[in-house]
Every structure is written in C-alpha cells, then in structure tokens.
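What follows is the residue order along each chain.
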Amino acid sequence: MHKVTTHQTSLVVFTNHSHGPDTFPRLSSCSCSIEQWDSDEPVPRSELLAKVAGIRGLYCLLTEKIDAEVLDAAGRSLQVVSTMSVGYDHVSLEELKKRGIRLGYTPDVLTEAVAELTVALLLATSRRLLEAVHEAKNGGWGTWKPLWMCGYGLTDSTVGILGLGRIGAAVTARLKPFGVKRFLYADIGPRPDMATKIPAEFVPLEELARHSDFIVVCCALTPETQGICDNGLFSLMKDTAIFINTSRGGVVNQEDLYQALVNGQIAAAGLDVTEPEPLPTDHPLFKLKNCGESVLIAVHQWLLARMGRDGVPSLCLPETGYWSDPVRLFLCSCVIIRPVVLPVLVL
Ligand SMILES: O=CC(=O)O
C-alpha cells in the first residue's frame, strides 16, 4: 500500500490505482488520509485485511470480495464501501446491512461499452470470424465453396434477452437495424418501462430459450440467477442458437454449456465472462474440437472501451455525468461530506 495524503480525519482505502487522475486532489481536499494499493493487480487478501483495520471508507473493484471477514477486519469505524463497478455481486449486501454500512456503485458507466461488446461477440460468433481467420491463416481455405463457413444471420431472427436492464435495452437498440423480427425478454417481472419502446415481449425463460435464435444474457448475478443457464435451459434451445454472455460467469453452469456445445445442442457461444476469470489456458472450453473456435472468449474488453484518448482509463467522462462518477459518488457516500441520498446508493 502506498500512502497518498495525511490529513488525519478519515482514513480511506483504495484497493487499486485505476481511477481518474483527479481522484486524489478531490479526496485530499476533504481532509482524509488515503491508502492506495499501488498496482493494477488485485490487492492480496492478507494485505487488504491488514489495511482495512480502522478505516472509514473503502473504495474497491470487483476483484475484491467484500464479506464478513473484511468488514470485521475493518471494524466499527467503516461507514461506506464504494465499488467501481456496475455489478456488486462481490459485496455481501447482507453483511453491510447488518452493520449499517452504505454501499455506492457505478451504474451506467459502461452501458454503451458492454452493449457494443455484446454485439461484437454476437456477430463474431454467429459469423464465425475467429474460425474463419484461423482457417485463412492455416491454409484451411482451399477453393471457395458456397456453404463453407456459413453462419447465422440476424435478419428476421428472434433475439431473446435475459435481463432487460440498461445494457439489455442498449443491445436491442444496436441489433434492431440488422432486421431482427422479434425481441423477447425474460426478467424477474415485466419491464414495460424498458420494453415498450423496443418493443420486446415478456416471456417465461423457457419460452425465450425455445424461440430465440440468439440468446443474450445481460442480467445481474444474484442468488436467483446463479447457474440459471444450465442443461435444462440449453436443452430447450434450438440447435442453431447462438448464446452470448456479457453479465457474469456465475449465471451459467459452465460444464453444462460445454456439454451443450460439444453435443451440438446449441451452435456456438460468445463469452465475455467466465468462472474463473481468466479461464486456465487448458480449459476444455478452449479445446472444443468441432466448435472450439466458435467459442469466443473476450476478456472484459469493456475496459478498453473506457480508455481515454491518452490510454489512461478515464471514469470522469463528461457524458457519464454526475451519477456515474465514482469519486463523486464515493465522496457523497462518505461521512466526509454529509450523506446525501443518491439513486446509486443501494444501501
Ligand atoms: O463487469 C463490470 C462491472 O460490473 O463494472
């Protein structure tokens, strides 16, 4: 850990250094002492546990599991946890609630980036781009044959979105111009606020699986969605279905997905998220013989989309505005500035 300022009023711990350049000047104007993990690599658990003792604020990434152990190590002084992420499945809400600790997160900062990545994965997977490049490079491209490397088209297709939130809706907006005939969605309940203007039809998950040519997973990882894409669901899908997951690896039973790909239950999968991340390089998903290269694994590429022009990750982009600025969020969430009720505070 690297100590940044020492106006000892509140101690705040940052678990990474991937934040906007104006973070520290802004925080130090609030008279707090800051400890920062001085690396892009996740802070080792033992270091985190040692450093959180007595802090008032913790600013973390999705690489840190914030559970009872961390909160106990921090002790009663901890008043706010803020995570620089859209998902907060790495934070135990139950444990925060028990201790009256508030949580801030950063919704909407990557809606566009993830939607673009989702479409990129969908097109690359359905049009077999990696497989085709591989064939071209390795001499597999002999004479031209009309049906060789044929993929699956979006025109007149049915696209099923599992989890119609901001990202799901942004994906539909981008897919619409490709001539999609029908958008279906499954969620914990109907979302007319999101669905009406698409338009998308609310259906049970099983129906979505049966009727969709493309299944796009954009939901949050919760106890209810953990492993929801399993053999039962894959077995309902068309054998031509393309499965895309840009939510969390835990939503999918990976072994069942592997079997579905091997057995030809579905055509292909495009994955931005896996369990664990990264997958070991010898993982069976990387080794599938007949559909190996149609399994396209992108490693959280939205990070690249967030890079500023100078290559520095910029989270204070003007278009993301007030609510999605994690530093502002953190400051407002902290007792350093009086608590303000923000829509982004989940606790
Ligand atoms: O996956 C990324 C995030 O939750 O911010």
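The coordinates are above.
Counting starts from 1 at the beginning of each chain's written sequence and moves along it residue by residue. Per-residue local features are limited, in this predicted model, to residues with pLDDT of at least 70; the limit for side-chain atom pairs, both in listing and counting, is 80 or more; totals at the level of whole chains, interfaces and linings are taken over all residues. Values shown for side chains rest on all heavy atoms present in the structure; no hydrogens or waters enter the calculation.

**Student:** Explain the packing of helix α5 (residues 111-126) against helix α7 (residues 166-175) to me, using residue names and the numbers behind them.
**Tutor:** Under this scheme, a helix contributes an axis fitted over its contacting stretch, all axes are lines through C-alpha atoms, and angles between N-to-C directions fall in the 0 to 180 degree range. Each helix is a run of H or I in the DSSP string that is no shorter than four residues. Each strand is a run of E no shorter than two, and both are numbered from the N terminus. For the pair α5 and α7, the least separation of the axes is 8 Å and the interaxial angle reads 55°. Here α7 runs oblique to α5, going by the angle between their axes. Here the hand of the crossing between α5 and α7 comes out right-handed. Taken together, the residues of α7 that come into contact with α5 (itself represented by Thr111, Glu112, Val114, Ala115, Glu116, Thr118, Val119 and Leu122) are Arg166, Ile167, Ala170, Val171, Arg174 and Leu175. Gly falls in the polar group here, along with every residue not listed as nonpolar (Ala, Val, Leu, Ile, Met, Phe, Trp, Tyr, Cys, Pro) or charged (Asp, Glu, Lys, Arg). Per-class residue counts for the contact of α5 with α7 are eight nonpolar, two polar and four charged. Roughly parallel means an angle under 35 degrees; roughly antiparallel means over 145; roughly perpendicular covers 65 to 115; every other angle is labelled oblique. Each helix crossing is assigned a hand: it is left-handed if the near helix lies turned anticlockwise from the far helix by less than a right angle, otherwise right-handed if that turn is clockwise. Here, two residues are considered to be in contact whenever any of their heavy atoms come within 4.5 Å of each other.

**Student:** I'd like a rundown of the pattern of salt bridges, residues and numbers included.
**Tutor:** A carboxyl oxygen of Asp or Glu within 4 Å of a side-chain nitrogen of Lys or Arg is what we treat as a salt bridge. Overall, the coordinates contain ten salt bridges when judged by the stated rule. Asp193 serves as the salt-bridge partner of Arg191, at 3.3 Å between the closest nitrogen and oxygen. Salt bridges linked by common partners bring Asp72, Glu95, Lys98 and Arg99 together as one network.

**Student:** Break down α7 for me, with residues and values.
**Tutor:** In this scheme, a residue with accessible area under 20% of its type's maximum is buried, one over 50% is exposed, and one in between is partly exposed, where area comes from a 1.4 Å probe on protein chains only. The element α7 is largely enclosed, with a buried count of seven among its ten residues. Regarding α7, the residues found buried are Ile167, Gly168, Ala169, Ala170, Val171, Thr172 and Leu175.

**Student:** Could you give me a rundown of the nonpolar core, with the residues and numbers involved?
**Tutor:** Remark: nonpolar core denotes a set of buried residues (Ala, Val, Leu, Ile, Met, Phe, Trp, Tyr, Cys) joined through side-chain atoms within 4.5 Å. Val159, Ile161, Val171, Leu175 and Val216 are the most contacted members of the largest nonpolar core, which has 32 residues in total. Among the elements of the structure, α5, β7 (158-162), α7, β8 (182-186), α8 (192-195), β10 (214-217) and β11 (242-245) are those that each provide at least two residues to this core. Ranked by the residues each element gives to this core, the list is headed by α5, at seven residues. Non-local contacts of Val159, meaning those with residues more than four positions away in its chain, are made with Leu154, Leu175, Val180, Arg182, Phe183, Leu184, Ser212, Phe214 and Val216. Residues Leu221, Leu261, Ile266 and Leu285 belong to the second largest nonpolar core, which totals 27 residues.

**Student:** Break down the packing of aromatic side chains for me, with residues and values.
**Tutor:** Describing an aromatic ring pair means giving the distance of the ring centres and the angle of the ring planes. Between rings of Phe, Tyr and Trp, where Trp is taken as its six-membered ring, a pair exists when centres lie within 6.5 Å; planes separated by under 30 degrees are stacked, by over 60 edge-to-face, and by other angles tilted. Applying the stated rule across the entire model yields three aromatic pairs. Where Tyr185 meets Phe202, the ring centres are 5.4 Å apart and the plane angle is 55°; that geometry is what we call tilted. A residue pair is termed long-range when its members are at least 10 positions apart, and Tyr185 in strand β8 and Phe202 in strand β9 (residues 200-202) qualify at 17 residues. Its relative accessible area of 37% is what places Phe202 among the partly exposed residues.

**Student:** Before we move on, can you summarise the state of the cysteines with the specific residues and values?
**Tutor:** Only a pair of cysteine sulfur atoms within 2.5 Å qualifies as a disulfide here. Counting across every chain of the model gives zero disulfides. With no disulfide partner, Cys219 has as its closest neighbouring cysteine sulfur the one in Cys229, 6.7 Å distant.

**Student:** So what's going on with the pairing of β11? Which residues, and what values?
**Tutor:** The two faces of a sheet get side chains in turn, since along a regular strand they alternate between them. Every second residue of β11 is oriented toward a common face, with Ile242 and Ile244 on one face and Phe243 and Asn245 on the other, all of them buried. Where β11 meets strand β12 (residues 268-271), four bridges bridge the pair, whose relative direction is parallel. Counted as the bridge partner of Ile244 is Gly270 from β12. Any two strands between which DSSP finds at least two bridges are classified as paired.

**Student:** How would you summarise the pairing of β7 if you had to cite specific residues and measurements?
**Tutor:** Among the five residues that make up β7, five are buried, leaving the element largely enclosed by the rest of the structure. With burial as the criterion, each face of β7 is covered, one bearing Thr158, Gly160 and Leu162 and the other bearing Val159 and Ile161. In the sheet, β7 pairs with β8 via five bridges, with the strands oriented parallel. Bridge assignment links Gly160 to a residue of β8, and that residue is Leu184. The parallel pair β7 and β8, bridged by α7, forms a crossover whose chirality is right-handed. As paired elements, β7 and β10 share four bridges and run parallel to each other. Bridge pairing links Leu162 to Val217 in β10. Seen with its strands pointing away from the viewer, a crossover is right-handed when the path leading from the first strand over the helix to the second is clockwise.

Function cannot be read off these values alone, since they describe shape.
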